[in-house]
Amino acid sequence: MRSERLVNIEFPKFVRVRILAHIRLLLSCFCFATLCYQPLCGQQLVDDFSVPSAAVPGWTIGGTGPTANVPAAQYLQINGGGADGADWASRNVAAYYDVQLSNNTCQLTWSFNMYRSRTSPAGFLNGAAQYGLGFILAGQNADPTLGNGYAVVVGESGVNNNIVRLVRFNNGLDNNGNLTTIISGGSLTTHYASFRVTLDPVTGTWELFIDQNTTTGPFVNPTAAAVSLGSAVDNVYTGLSLPYIATYWNHSTVPFFARFDNIYVPDPCVAATPTVQF
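Residues numbered from 1 in each chain as written. Predicted model: local features only at pLDDT ≥ 70, side-chain atom pairs only at ≥ 80, totals over all residues. Heavy atoms only, no water.

Right, let's talk about empty space enclosed by the protein for a bit. Under the criterion given, the structure shown has one cavity of 30 Å³ or more. Estimates place the volume of the largest cavity at around 50 Å³. Element by element, the count of residues in the lining of the largest cavity is highest for strand β13 (residues 244-251), at three residues. Taken together, the residues of the lining of the largest cavity break down into seven nonpolar, four polar and one charged. (1 Å grid on protein atoms, 1.4 Å probe; cavity = no way out; pocket = protein on both sides within 12 Å on 5 of 7 lines; lining within 4 Å. Points joined across faces, edges and corners; volume = space filled by probe spheres on them. Helix = DSSP H or I, 4+ residues; strand = E, 2+ residues; numbered from the N terminus. Nonpolar A, V, L, I, M, F, W, Y, C, P; charged D, E, K, R; others polar.)

A word on the state of the cysteines. Tallying each qualifying case throughout the model produces one disulfide. Residue pairing for Cys-106: its cysteine sulfur links by disulfide to Cys-269, the two sulfurs lying 1.9 Å apart. What sets the handedness of the Cys-106 and Cys-269 disulfide is the S-S torsion sign, and at about -80° it is left-handed. Of this pair, Cys-106 sits in the loop between β4 (85-92) and β5 (108-116) while Cys-269 sits in the segment after β14 (257-266), and the two are 163 residues apart along the sequence. The exposure class of Cys-106 is buried, given its relative accessible area of 4%. (Disulfide = S-S within 2.5 Å. Buried < 20%, exposed > 50% of the residue type's maximum accessible area, 1.4 Å probe, protein only.)

Relative to the helices and strands, Asp-200 is located in strand β10 (residues 193-200). Sequence separation between Asp-200 and Ser-102 is 98 residues, and the spatial gap between their C-alpha atoms is 8.9 Å.

Between side chains of opposite charge, pairing is possible as soon as their charged atoms come close. Applying the stated criterion across every chain, the model contains three salt bridges. Between Arg-91 and Asp-47 there is a salt bridge, with the nearest N and O atoms lying 3.6 Å from each other. Of the two residues, Arg-91 is situated in strand β4 and Asp-47 in strand β1 (residues 43-47); the sequence distance between them amounts to 44 residues. Considered together, Arg-91 and Asp-47 belong to a single accessibility category, that of buried residues. Between Arg-165 and Glu-156 there is a salt bridge whose closest N-O contact spans 3.8 Å. For Glu-156, a relative accessible area of 24% puts it in the partly exposed group. (Salt bridge = Lys/Arg side-chain N within 4 Å of Asp/Glu carboxyl O.)

Here a ring pair, both rings aromatic, is described through the centre-centre distance and the interplanar angle of the planes. What the rule picks out here adds up to 15 aromatic pairs. With a centroid separation of 5.9 Å and an interplanar angle of 20°, the aromatic rings of Trp-110 and Trp-206 are classed as stacked. Residue Trp-110 is found in strand β5, and its partner Trp-206 is found in strand β11 (residues 205-212); the two are separated by 96 residues along the sequence. Of the two residues, Trp-110 and Trp-206, neither departs from the other in class, the shared state being buried. (Phe/Tyr/Trp six-rings, centres within 6.5 Å; stacked < 30°, edge-to-face > 60°.)

Among the eight residues that make up β4, seven are buried, leaving the element largely enclosed by the rest of the structure. The pairing of strand β2 (residues 60-63) with β4 spans four bridges and is antiparallel. Its bridge partner lying in β4, Gly-62 is registered against Trp-88. Bridge count for β4 against β13 is eight bridges, and the pairing is antiparallel. Looking at β13, one finds that Gly-85 is bridged to His-251. (Pairing = 2+ DSSP bridges.)

Written out as structure tokens, the structure is:
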């Protein structure tokens, strides 16, 4: 009976108004703190190759040729032909975000375009007359035939040479045996394609997205790639410093080529300062 009397106490109107105001304030503080402490994340453009150049400023060019250049059509092109081997262009992006992936607290996202003129690429064994297309998301070395890291690749021996894979590579990308598949799916023929890769660094969960345009181009915005090829957990190398991205074309003596464009890397993870509004 005593508790019932307390429950049914009729407070004066001004008291009820102040109680409701305090409740709203507490809820407001909780909501703003929850929202503002969520790490903010996005992407930042590294290069859209808008200036034609034989030198590809800002990138380290290497390989058998090397043959990387930016033609008037404004994309990065790597030509095959000459000797069996691989050519690449790499870039250090340590100034863009924390390249020890596990240190980050928000979703990390990479986006980029790729195209190859060779059908049915057989893989990445350097010097073995094979063709393979790759983009290194995060690698240890400016030379992608060395070190460990993560990459998106197209090309392997077997029934479906055109399958798209997110891989972890050990001791370089120049040997099929160095690649461990994390996610695989789809079938990329000679289409101009958009790729988007996300990583939750807390759980180690990766997801791979792709969109295919036409076989004649042009490239379209890769940040909008929406068809998921699946997700999987891998954190084997996320605790390493992986400061390099790279474009990669493994080729034989026939002059097929690869093209890359619109390369985005993650924004740094920043927690916004919580605010309280009265």
